[in-house]
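Descriptive structure summary
Spelled out from the first residue to the last, the chains are:
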Amino acid sequence: MITERIDFKKNSAEALKSPKLKKALVNFTDRSRNSRKKAISEVSEWEELRSEARRIKEQVINNLDSYLLELEESVTRVGGKVHWAKNAEEASSIVVNIARENNVRNVVKSKSMATEEIELNRHLISSGINTVETDLGEYIVQLCNDHPFHIITPAIHKTKEDISKLFSEKFGVPEYEEPQELTNIARKELREKFLSADMGISGVNFAVAETGTITIVENEGNARLATTYPDIHVAIMGIEKIVPKFEQLSIFLSLLARSATGQKSSTYVSLITGPRREGESDGPRQFHLVFLDNGRSDIAKSKETRESLYCIRCGACINICPVYRQVGGHSYGWVYSGPIGAVITPQLNDLQKTADLPFASSLCGACRDVCPVKIDFPHVLLSLRQRVVEKTKGKPNPAQFMEKMAFRIWSFVFSKPFYYNLAGRMMVFLQYFYQKENELQGLPYPFSKWTKEKNFPAFSKKPFRRRWKEKYSAKMEHQ
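Remember, it's a predicted structure, so these values are computed and weren't measured experimentally.

1. Some words on the nonpolar core
Burial of nonpolar side chains together is a common tendency in soluble globular proteins. Membership of the largest hydrophobic core comes to 82 residues, with the highest contact counts inside it found for Leu-71, Ile-214, Met-237, Ile-242, Phe-252, Leu-289 and Tyr-332. For this core, the two domains that each supply at least three residues are domain 1 (1–42 + 313–395) and domain 2 (47–294). Non-local contacts of Leu-289, meaning those with residues more than four positions away in its chain, are made with Leu-71, Val-75, Lys-81, Val-82, His-83, Val-204, Ile-214, Ala-235 and Met-237. The next biggest cluster of nonpolar side chains, apart from the first, holds 22 residues, and it includes Ala-85, Ala-88, Ile-98 and Val-104.

Structure (structure tokens):
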């Protein structure tokens, strides 16, 4: 969980200084948008699928308690064991205790944002349990002691040269230039980890209440190895990840793959229903499913923000977001970035420590338009902004005081034609000291907070009102 205040403005300013990061973000988001656009154009009933998925998620969140009990019963019936975790500490303790009870020494993990959220790796490693991420992006991030940059592609902020240098330092190999050679190095290292693993840990993309089946979607095959080769499989599931009926699963699989990676279907879709049965050669001997609350039940109580829990973690909102495209994932300071990070992070953590995030959006609505379950991000963000304001009401805030004063002055000037015209002339005169071509640069405080990172257009020497009068007068004379 977050222990220090997230300073989004400071993080963003640092990110904006990196041309390499800017190039990586533009290339990645452009590719992602184009792939998604092509993929959904092939589905004539795309909007109908989105509407049905939203309806199902709304039904689940409104009846979350009964669906969780149904899922627990279904998992138990097929030989699995369910654990309930109120918060991150409880969830990590459950996993560590399972490992200790079974003398587990080596753990392999498939990609999971829920385990990132509870900092499971830290708890396992501090307990003396070797823990390795097996998704290639997550593996790279773990090797350099970094954090995921994106919920689908964790290492987009690393170039192939960065990765080549990292592998050379960690494994004593040459600095290869070709991505395929780097992939081969990772495959060789990770294959040994799979063979020595006592326990595999995964997340859950969807869990079917009717059958007790969990679904894991991936493109590398590492999740399938992590969940079938070791004797113990532990899956960590945010309690919102439920699908009521097995027949409804196909709707979400169609939406997820196309929205996340622009594929008709992910390369691997694993449907896991309990542990290995008698006569089966593959699969774990123990299957544990951890229900992770960690603030989700509180979100479900709020009519204004509960649709945050509809999210299927596709990342489409992140890829389309103009703010993320500029500043990247680490600016958001926690596991989730982009629009979904701006709405989820403050609700799963202390609102005062994450107060910047609901304002880390232009409210353009692009995230709402691409969301496969039609989450109304602008509405949720405005609700969270209101909470932030209410939390800070009555507390001294220089920024709010200056903002109020600025609006009062603005209101006075704009309501008096004489002062409005005078202010316009003064601006035209004063901008002479700061104008470069058709932009204003290096304005004094507090305007410097704008021009430091954004373009400010110069004031026209001939204001709109004069142009309008000239045009109108000329028209009247012509008539």
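Let us keep going from here.
2. Details of the domain arrangement of the protein chain
The domain architecture assigned to the protein chain consists of domain 1 (1–42 + 313–395), domain 2 (47–294) and domain 3 (401–478). Each of domain 1 and domain 3 has a C-alpha centre, and these two points are 32 Å apart.

3. Considerations on the environment of Val-388
Looking at the secondary structure, you find Val-388 in helix α18 (residues 377–392). For Val-388, a relative accessible area of 9% puts it in the buried group. A C-alpha to C-alpha distance of 9.7 Å links Val-388 and Phe-359, two positions 29 residues apart in sequence. Setting aside residues no more than four positions away along its own chain, Val-388 makes contact with Leu-351, Ala-355, Pro-358 and Phe-359.

4. Describing the packing of helix α2 (residues 19–41) against helix α12 (residues 249–261)
Here α2 crosses α12 at 145°, and the two axes come no closer than 6 Å. Of α12, the residues touching α2 (which contributes Ser-35, Arg-36, Ala-39 and Ile-40) are Arg-258, Ser-259 and Thr-261. Tallied by class, the residues present in the contact of α2 with α12 amount to 2 nonpolar, 3 polar and 2 charged.

5. Considerations on helix α3 (residues 46–62)
End to end, α3 covers 24 Å across 17 residues, agreeing with the expected 24 Å (1.5 Å per residue, within 8%). What α3 keeps buried is the set Trp-46, Leu-49, Arg-50, Ala-53, Ile-56, Lys-57, Val-60 and Ile-61. The buried residues of α3 occupy an angular sector of 130° when the element is viewed end-on, so they sit on one face. For α3, the elements touching its buried residues are α2, α4 (64–77), β8 (242–243), α12, α13 (296–301) and α17 (366–370).

How each quantity is defined
- Residues numbered from 1 in each chain as written.
- Predicted model: local features only at pLDDT ≥ 70, side-chain atom pairs only at ≥ 80, totals over all residues.
- Heavy atoms only, no water.
- Core = buried A, V, L, I, M, F, W, Y, C linked by side-chain atoms within 4.5 Å.
- Buried < 20%, exposed > 50% of the residue type's maximum accessible area, 1.4 Å probe, protein only.
- Domains from an automatic or database assignment.
- Contact = heavy atoms within 4.5 Å.
- Helix = DSSP H or I, 4+ residues; strand = E, 2+ residues; numbered from the N terminus.
- Axes fitted to C-alpha atoms, helices over the stretch in contact; angles between N-to-C directions.
- Nonpolar A, V, L, I, M, F, W, Y, C, P; charged D, E, K, R; others polar.
- Expected span 1.5 Å × (residues − 1).
- Arc of directions from axis to C-beta.

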